[in-house]
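Results of the structural survey
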Amino acid sequence: MKRDAEGQKPIVVLIDGDRALEKAVRNSAQAYAIGQRIAAYILDFIHVLEVANALWGENHPNRSPWVRSQAALLLNSGHPEVLKQWQAILEQNNLSKNQHYNVRRAITYLGNHQHMVDYKMYLQQGFPITTGAVESACGHFVKSRMERDAMHWGKEGAQKTLNIRAVKKNGDWDSYMENFINKEQQKLYKKAA
């Protein structure tokens, strides 16, 4: 909101499909009165394709061609066809118990999130469809600092710690400290006067 005070930029919400996360984002958008600015809620494209590992495994020769065909359908907003194909796979008798379970989960996952998989439209609008860059940044920026042994955080303390970490990581430490010292001196000398 600070980066776009006029409220002109659309907001894109890219998430992994956790219903609690989607609900929390929608509640926050409502609380900050920015719901009308959300251009799209997008389900991470890579998470949708993870059914490939459940069905074929990492090294199976059929894995790559199958993933390409499913990706092509999804990128053209063909999720209804993908769901039909996955359902047909599920009805095969040659699936292991584990494969059956994982394909069923993938069908439920995609089926429950059809409102967030119009990838053709998202790409036409220039929206991102994967969370990889965000997840990597979170791992580097947040997790490596906040999830060390014996650490427990409240929301306010965690936010303050991350604010300082952002200043340091962005290379703004010297200007931040100069500004901080100036503000502290103004407070102290005002009180003394």
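Shown above is the structure to which this text applies.
Quick look at the structure, then. (Residues numbered from 1 in each chain as written. Predicted model: local features only at pLDDT ≥ 70, side-chain atom pairs only at ≥ 80, totals over all residues. Heavy atoms only, no water.)

1. Details of the environment of Ala-106
Relative to the elements of secondary structure, Ala-106 occurs in helix H6 (residues 97–112). A residue is classified by how much of its surface remains accessible, and Ala-106, at 13% relative accessible area, is buried. Distance from Ala-106 to Tyr-189, taken between C-alpha atoms, is 63 Å for residues 83 residues apart in sequence. The contacts of Ala-106, once residues within four sequence positions are left out, are Val-51 and Trp-86. (Helix = DSSP H or I, 4+ residues; strand = E, 2+ residues; numbered from the N terminus. Buried < 20%, exposed > 50% of the residue type's maximum accessible area, 1.4 Å probe, protein only. Contact = heavy atoms within 4.5 Å.)

2. Regarding the pairing of strand S2 (residues 38–43)
When you tally the buried positions in S2, you get five out of six residues, the bulk of the element. Two elements, strand S1 (residues 11–15) and S2, share five bridges in a ladder whose sense is parallel. Opposite Ile-11, over in S2, you have Ile-38 as the bridge partner. (Pairing = 2+ DSSP bridges.)

3. Overview of the nonpolar core
In this structure, Ile-42, Leu-74, Trp-86, Leu-110 and Tyr-119 are the most contacted members of the largest nonpolar core, which totals 35 residues. Within the residue set of this core, elements represented by two or more residues are S1, S2, helix H2 (45–49), helix H3 (51–55), helix H4 (63–75), helix H5 (79–90), H6 and helix H7 (119–124). Here Leu-110 is in contact with Val-48, Leu-74, His-79, Val-82, Leu-83, Trp-86 and Val-117, once residues within four sequence places are set aside. (Core = buried A, V, L, I, M, F, W, Y, C linked by side-chain atoms within 4.5 Å.)

4. Quick notes on H5
The end-to-end C-alpha distance of H5, which contains 12 residues, comes to 16 Å, matching closely the 16 Å that a straight helix rising 1.5 Å per residue would cover. What H5 keeps buried is the set His-79, Val-82, Leu-83, Trp-86, Ile-89 and Leu-90. Considered in projection along H5, the buried side chains sweep an arc of 120° and stay on one side of the axis. (Expected span 1.5 Å × (residues − 1). Arc of directions from axis to C-beta.)

5. Thoughts on the packing of aromatic side chains
Tallied over the entire structure, the rule returns four aromatic pairs. Between Phe-45 and Tyr-119, the ring centres sit 5.1 Å apart and the planes meet at 80°, which makes this aromatic pair edge-to-face. Here the residue Phe-45 occupies a position in helix H2, and Tyr-119 occupies one in helix H7, the gap between them amounting to 74 residues. Tyr-119 shares its class with Phe-45; the two are buried. (Phe/Tyr/Trp six-rings, centres within 6.5 Å; stacked < 30°, edge-to-face > 60°.)

6. Digging into the packing of helix H8 (residues 132–146) against helix H9 (residues 155–169)
To characterise two packed helices, one gives the angle between the axes of the helices and the distance between these axes. For the pair H8 and H9, the least separation of the axes is 11 Å and the interaxial angle reads 130°. The orientation of H8 relative to H9 falls into the category oblique. Of the two possible hands of crossing, H8 and H9 adopt the one that is right-handed. Residue-level contacts link His-140, Phe-141, Val-142, Ser-144, Arg-145 and Met-146 of H8 to Ala-158, Thr-161, Leu-162, Arg-165, Ala-166 and Lys-169 of H9. Residue composition of the contact of H8 with H9, by class: six nonpolar, three polar and three charged. (Axes fitted to C-alpha atoms, helices over the stretch in contact; angles between N-to-C directions. Parallel < 35°, antiparallel > 145°, perpendicular 65-115°, else oblique. Left-handed = near helix turned anticlockwise from the far one by under 90°. Nonpolar A, V, L, I, M, F, W, Y, C, P; charged D, E, K, R; others polar.)

7. Things to note about the pattern of salt bridges
Evaluation of the coordinates by the stated rule reveals four salt bridges. Salt-bridge contacts for Asp-4 lead to Arg-37; the nearest nitrogen and oxygen are separated by 2.7 Å. Highlighted residues: Asp-4 in the segment before S1 and Arg-37 in the loop between helix H1 (19–31) and S2, separated in sequence by 33 residues. Relative accessible area serves as the criterion here: at 10%, Asp-4 is assigned to the buried category. The partner of Glu-22 in a salt bridge is Arg-26, and the shortest N-O contact between them spans 3.0 Å. (Salt bridge = Lys/Arg side-chain N within 4 Å of Asp/Glu carboxyl O.)

8. Examining unusual backbone geometry
In this structure, Ala-33 takes a positive phi of about 55° despite not being glycine. Following the sequence through the fold, Ala-33 ends up in the loop between H1 and S2. If you check the backbone angles, Ser-77 has positive phi at about 55° while not being a glycine. Relative to the helices and strands, Ser-77 is located in the loop between H4 and H5. Judged by relative accessible area, Ser-77 falls into the buried class, the value being 19%.

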